[in-house]
Amino acid sequence: MVFTTGFAKAQELNSADVPGNLNDAFKKEYPKATNAEWKKELDHYKVEFDLDRRDHEVWYNASGNMLKKEQEITEVELPQVVRSIIKSKYAGYRVDDVEMVWKNKVKTYEVELEKGQDEKHIIFDEKGKVLNERNH
């Protein structure tokens, strides 16, 4: 008997296997994207790509509607209120990684902070409210 240790959550796709409507929607929205890699996750499609030397991810449903997108940004591109909260509430931590996320018409900021061996992953809304915080 052969046992597997789990199910693959994502299936990598060749560009020829991506439904035409998704490819069209993607190319229309991001005509200058490079290094696009498509994956199918359950009934959604995710494309990872580079644009302006930054990492991006976009999720589509089978109808070609965008469900979620993530974009790598720099610390200085965070809203001033978020930067102020990081400076005061997380003094001594250094910003390691920042992503801007759009989902359900709501923009959030996912920030990874480091201080020595201590790492935090924090999700802020646009007004600086902490929506989620966890230690790594």
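As a reminder, the structure under discussion sits directly above these lines.
Note that the structure is a prediction, hence the values are computed from the model and not measured. (Residues numbered from 1 in each chain as written. Predicted model: local features only at pLDDT ≥ 70, side-chain atom pairs only at ≥ 80, totals over all residues. Heavy atoms only, no water.)

A. Highlighting the overall build of the protein. Across its full length, the protein holds two helices and nine strands. The helix and strand sequence of the protein, counted from the amino end, reads β-α-β-β-β-β-α-β-β-β-β. Counting only C-alpha atoms and orienting by the principal axes, one finds that the protein spans roughly 50 × 45 × 25 Å. Looking at the protein residue by residue over its 136 residues, the buried ones come to 34%. Considering only contacts in the protein between residues 6 or more positions apart, those separated by 24 or more positions represent 33%. (Helix = DSSP H or I, 4+ residues; strand = E, 2+ residues; numbered from the N terminus. Buried < 20%, exposed > 50% of the residue type's maximum accessible area, 1.4 Å probe, protein only. Contact = heavy atoms within 4.5 Å.)

B. Summary view of the environment of Glu48. By secondary structure assignment, the location of Glu48 is in strand β3 (residues 44-51). For Glu48 and Val58, which are ten residues apart along the polypeptide, the C-alpha to C-alpha distance reads 6.7 Å. Here Glu48 is in contact with Asn35, Ala36, Glu37, Lys39, His56 and Glu57, once residues within four sequence places are set aside.

C. How the structure looks around the pairing of strand β8 (residues 118-125). Taking burial as the measure, the eight residues of β8 include six buried ones, the bulk of the element. Of the strand pairs in this sheet, strand β7 (residues 106-115) and β8 are connected by eight bridges, and their pairing is antiparallel. Bridging from a neighbouring strand, Leu113 pairs with Lys120 of β8. Remark: two residues form the turn of the hairpin made by β7 and β8, two consecutive strands paired antiparallel; Gly116 in that turn has positive phi of roughly 65 degrees. One ladder, built from five bridges, connects β8 with strand β9 (residues 130-135); its direction is antiparallel. (Pairing = 2+ DSSP bridges.)

D. Spotlight on the packing of aromatic side chains. Enumeration over the complete set of coordinates arrives at six aromatic pairs. When the ring of Phe26 is compared with that of Tyr30, the centres are 5.9 Å apart and the planes differ by 35 degrees; the resulting orientation is tilted. Judged by centre distance (5.6 Å) and plane angle (80 degrees), the rings of Phe26 and Trp38 are edge-to-face. Of this pair, Phe26 sits in helix α1 (residues 20-29) while Trp38 sits in strand β2 (residues 34-41), and the two are twelve residues apart along the sequence. By relative accessible area, which is 5% here, Phe26 ends up buried. Trp38 sits in the buried class, given a relative accessible area of 4%. We note Lys68 situated over the ring of Trp59; from NZ or CZ to the ring centre the distance is 4.7 Å. The aromatic ring of Trp102 is capped on one face by Lys69, whose charged end is 4.6 Å from the ring centroid. (Phe/Tyr/Trp six-rings, centres within 6.5 Å; stacked < 30°, edge-to-face > 60°. Lys NZ or Arg CZ within 6 Å of the ring centre and 35° of its normal.)

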